[in-house]
Amino acid sequence: MSNFVFPENFLWGGALAANQVEGAYLEDGKGLSVVDLMPAGEKRRDIMKGYVPSLTPLEGEFYPSHGAIDFYHRYKEDIALFAEMGFKALRVSIAWARIYPTGEEAAPNEAGLKFYDDLFDELLKHGIQPVVTLAHFDVPVSLVEKYGSWRSRELVPLFEKYARTVLERYKNKVKYWMTFNEINMLLHLPFVGAGLTFQEGDNVKQIQYQAAHHQLVASALAVKACHELIPDAIIGCMLAAGSFYPYTCNPEDVFQGMEKDRESYFFIDVQSRGEYPGYAKRFFKDHGLNIAMEPGDADILKNNTVDYIGFSYYSSRTTSTDPEVVKKMTSGNVFGSVSNPYLAKSEWGWTIDPKGFRITANQLHDRYQKPLFVVENGLGAVDTVTPDGEVDDSYRIDYLQRHIAEMGEAIQDGVEIIGYTSWGPIDIVSASSGEMKKRYGYIYVDRDNEGQGTLKRIKKKSFDWYKQVIASRGADLEQK
Ligand code: BG6
């Protein structure tokens, strides 16, 4: 393994999302958010896709976000552990419904604002830079009830107001911002990505791309606000990345791979280059989509492009036009990939491909020529606590060391990367499955899928390993 030394100012750290850690889901005036309507268990997938039976929690279902890992009350203890590992950055998100519980109040909720003030102060006290996502799968439920969420243009000024409120409030504390987490998720899990719900007979594509336009304009307005209010900050977009490989060199497969990548690049092309790409216009025409745009929108998009490309990388993806091959889909992958015979998979069926990380980073950099920020990467796995209270997660170290090594290669390829915040540095609720047993952390949390447990934090084997990685600036990846 190479001993590449990462740049001195490289932001090593971890990444979290409000709804997956905070709990306290109605505390201190917080309003209900769409993520609070996703139960663990069988109903979850359909709800995430937009087939939502009710806009209030269902009787008899367990909602993991409601308590999560109680970060809302325990963040000081958790941040102290992150500091012990040497974190330079922690990515968190602000829950929109803590700030504007229904999305439409005239004044923000002071208790919600104060929580994040305290959180950022605690991070800065330890020399950890907050990296803040404005929307990580969070929309106040009232806006779904009243407007149908992002399908409506009404959300644009409401989001801008929320963004301006937090940018202004935290302008002296937060210098790294991000607009929408995994903005391309809107196409795969529309309720998660944009609070969209559907009825029988809806033109789903039309609704999705109209909502996408609204999010893209809102994202550009947040970029504008950030540049106006905090001139020394940077603000990026966030893509659920992972390039598509064609299953064979048949040009049909290659072309399909390109189209699949473009489904995701579509968003970043607009956010980074400032206009809809030609292939999107053709896609709208071919599918009979008519996207309502207001006269000033093109200028807003053009004049307010992002400073960096944030992305998550867990897996590469593979696509085929051969109906026989398509029968072998990998399970658990929201992005619908056929199984790649060269690669192993995680316990949840997610393909493991460190080289794909280098490929994806190079492709993103070639395409956008902007700095990249790796804001999610990691292995969801089942961990076991031994009777001595230890957790040996060597498999996680193995996954991370191979990915970090490839990230080092990408930097040597000429790709500019600002930092690396691995996903879930402490165990958190899984976004896709709602489980606790799908763990990513360096720190174990005693809580199970049913919400039982003491919430005690335990350092895993990977804790000391990541500390060593950060201390050596990525040069010492060896598992001791
Ligand atoms: C990303 C999300 O999709 O992947 C996170 O931004 C999520 O919110 C992460 O938790 C890992 O996915 P999962 O389903 O294993 O939690």
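Relevant structure appears above.
Criteria and cut-off values
Residues numbered from 1 in each chain as written. Predicted model: local features only at pLDDT ≥ 70, side-chain atom pairs only at ≥ 80, totals over all residues. Heavy atoms only, no water. Helix = DSSP H or I, 4+ residues; strand = E, 2+ residues; numbered from the N terminus. Buried < 20%, exposed > 50% of the residue type's maximum accessible area, 1.4 Å probe, protein only. Contact = heavy atoms within 4.5 Å. Areas by Shrake-Rupley, 256 points an atom, 1.4 Å probe, with all protein chains shown as cover. Expected span 1.5 Å × (residues − 1). Axes fitted to C-alpha atoms, helices over the stretch in contact; angles between N-to-C directions. Parallel < 35°, antiparallel > 145°, perpendicular 65-115°, else oblique. Nonpolar A, V, L, I, M, F, W, Y, C, P; charged D, E, K, R; others polar. Near = heavy atom within 4 Å. Polar contact = N/O pair within 3.5 Å; in protein donor to acceptor, adjacent residues only side chain to side chain. Disulfide = S-S within 2.5 Å. Salt bridge = Lys/Arg side-chain N within 4 Å of Asp/Glu carboxyl O. Left-handed = near helix turned anticlockwise from the far one by under 90°. Core = buried A, V, L, I, M, F, W, Y, C linked by side-chain atoms within 4.5 Å. Phe/Tyr/Trp six-rings, centres within 6.5 Å; stacked < 30°, edge-to-face > 60°. Lys NZ or Arg CZ within 6 Å of the ring centre and 35° of its normal.

## Considerations on the overall build of the chain
Part 1: From N to C terminus, the chain includes 16 helices and twelve strands.
Part 2: Here the C-alpha coordinates of the chain stretch approximately 60 × 55 × 50 Å along the principal axes.
Part 3: Sorting the 480 residues of the chain into buried and exposed places 61% on the buried side.
Part 4: Long-range contacts, defined as pairs at least 24 residues apart, comprise 77% of the intrachain contacts of the chain with a sequence gap of at least 6.
Part 5: Roughly 18,000 Å² of accessible area belongs to the chain as shown, and the carbon and sulfur atoms make up 50% of that amount.

## Comments concerning helix H7 (residues 155–169)
Part 1: Compared with the 21 Å implied by 1.5 Å per residue over 15 residues, the 21 Å span of H7 between its first and last C-alpha is a close match.
Part 2: Within the span of H7, buried status applies to Leu-155, Val-156, Leu-158, Phe-159, Tyr-162, Ala-163, Thr-165, Val-166 and Leu-167.
Part 3: Tucked into the core, H7 has its buried residues touching helix H4 (96–99), helix H5 (110–125), strand E3 (129–135), helix H6 (141–147), strand E4 (176–180) and helix H9 (204–229).

## Here's the deal with the packing of helix H3 (residues 71–85) against H5
Part 1: Running from N to C, H3 and H5 cross one another at 10 degrees; their axes reach a closest spacing of 10 Å. Classified by the angle between their axes, H3 and H5 sit roughly parallel to one another. Along the contact surface, H3 presents Phe-71, Tyr-72, Tyr-75, Lys-76 and Ile-79, while H5 presents Phe-115, Asp-118, Leu-119, Glu-122 and Leu-123.
Part 2: Its residues assigned to classes, the contact of H3 with H5 comprises seven nonpolar, no polar and three charged.

## Observations regarding the site of the ligand
Part 1: The local shell around the ligand holds 14 residues, among which Gln-20, Glu-182, Ser-432, Lys-438 and Tyr-440 are the closest.
Part 2: Tyr-314 is positioned with one of its side-chain polar atoms (N or O) 3.5 Å from an oxygen atom of the ligand.
Part 3: One of the side-chain nitrogen or oxygen atoms of Ser-432 is found 2.4 Å away from an oxygen atom of the ligand.
Part 4: In isolation the ligand exposes 370 Å². Once the protein is present, 96% of that is buried.
Part 5: For the shell around the ligand, the residue count by class is six nonpolar, five polar and three charged.

## Here's the deal with the state of the cysteines
Part 1: Applying the stated criterion across every chain, the model contains zero disulfides.
Part 2: In this model Cys-226 remains outside any disulfide bridge; the closest cysteine sulfur is found in Cys-237, 13 Å from its own.
Part 3: Exposure remark for Cys-226: the relative accessible area of 0% places this residue in the buried category.
Part 4: For Cys-237, a relative accessible area of 0% translates into the label buried.

## With respect to the pattern of salt bridges
Part 1: If you walk through the whole model with that rule in mind, you get 35 salt bridges.
Part 2: Residue Glu-228 is joined to Lys-224 by a salt bridge in which the shortest nitrogen-to-oxygen separation is 3.0 Å. Of this pair, Glu-228 and Lys-224 both sit in helix H9, four residues apart, which is roughly one turn of that helix.
Part 3: We classify Glu-228 as partly exposed; its relative accessible area is 43%.
Part 4: With a shortest N-O distance of 3.9 Å, Glu-409 and Arg-358 are connected by a salt bridge. One end of the pair, Glu-409, is in helix H15 (residues 394–412); the other, Arg-358, is in helix H14 (residues 354–368), and 51 residues separate them in sequence.

## Comments concerning H9
Part 1: Here H9 is 26 residues long and its end C-alpha atoms lie 37 Å apart, about the 38 Å a rise of 1.5 Å per residue gives.
Part 2: Within H9, 20 of the 26 residues are buried, leaving the element largely enclosed by the surrounding structure.

## Observations concerning the environment of Arg-169
Part 1: Its location among the elements puts Arg-169 in helix H7.
Part 2: Measuring from C-alpha to C-alpha, the distance between Arg-169 and Phe-4 comes to 39 Å, with 165 residues separating the pair along the chain.
Part 3: Not counting chain neighbours up to four residues away, the residues in contact with Arg-169 comprise Glu-110, Leu-113, Lys-114 and Asp-117.
Part 4: A polar side-chain atom of Arg-169 sits 2.8 Å from a polar atom in the side chain of Asp-117.

## Re the side chain of Ser-33
Part 1: Here Ser-33 lies in the loop between helix H1 (18–21) and helix H2 (44–49).
Part 2: Other than its neighbours up to four places away in sequence, Ser-33 contacts Ala-97, Asp-138, Val-139, Pro-140 and Val-141.

## Regarding the packing of H5 against H7
Angle between the axes and distance between the axes are the two parameters that describe a pair of packed helices.
Part 1: Interaxial distance between H5 and H7 falls to 11 Å at its minimum, and their mutual angle equals 45 degrees. As judged from the angle between their axes, H5 and H7 are oblique. Our pair here, H5 against H7, has a crossing hand that is right-handed. Residues Glu-110, Leu-113, Lys-114 and Asp-117 of H5 pack against Thr-165, Val-166 and Arg-169 of H7.
Part 2: Its residues placed into classes, the contact of H5 with H7 shows two nonpolar, one polar and four charged.

## What about the nonpolar core?
Part 1: In this structure, Trp-150, Phe-159, Trp-177 and Tyr-466 are the most contacted members of the largest nonpolar core, which totals 150 residues.
Part 2: Ranked by residues supplied to this core, first place goes to H9 with 13 residues.
Part 3: Counting ten residues, the second largest nonpolar core, distinct from the first, contains Ala-89, Tyr-176, Met-238 and Phe-373.

## Details of the packing of aromatic side chains
Part 1: Taken as a whole, this structure holds 38 aromatic pairs when the rule is applied.
Part 2: Three or more aromatic residues link up through ring pairs in this structure, and these residues are Phe-71, Tyr-72, Tyr-75, Phe-115, Tyr-116, Phe-120 and Tyr-170.
Part 3: The ring of Phe-115 carries the charged tip of Arg-98 above its face, separated from the ring centre by 5.7 Å.

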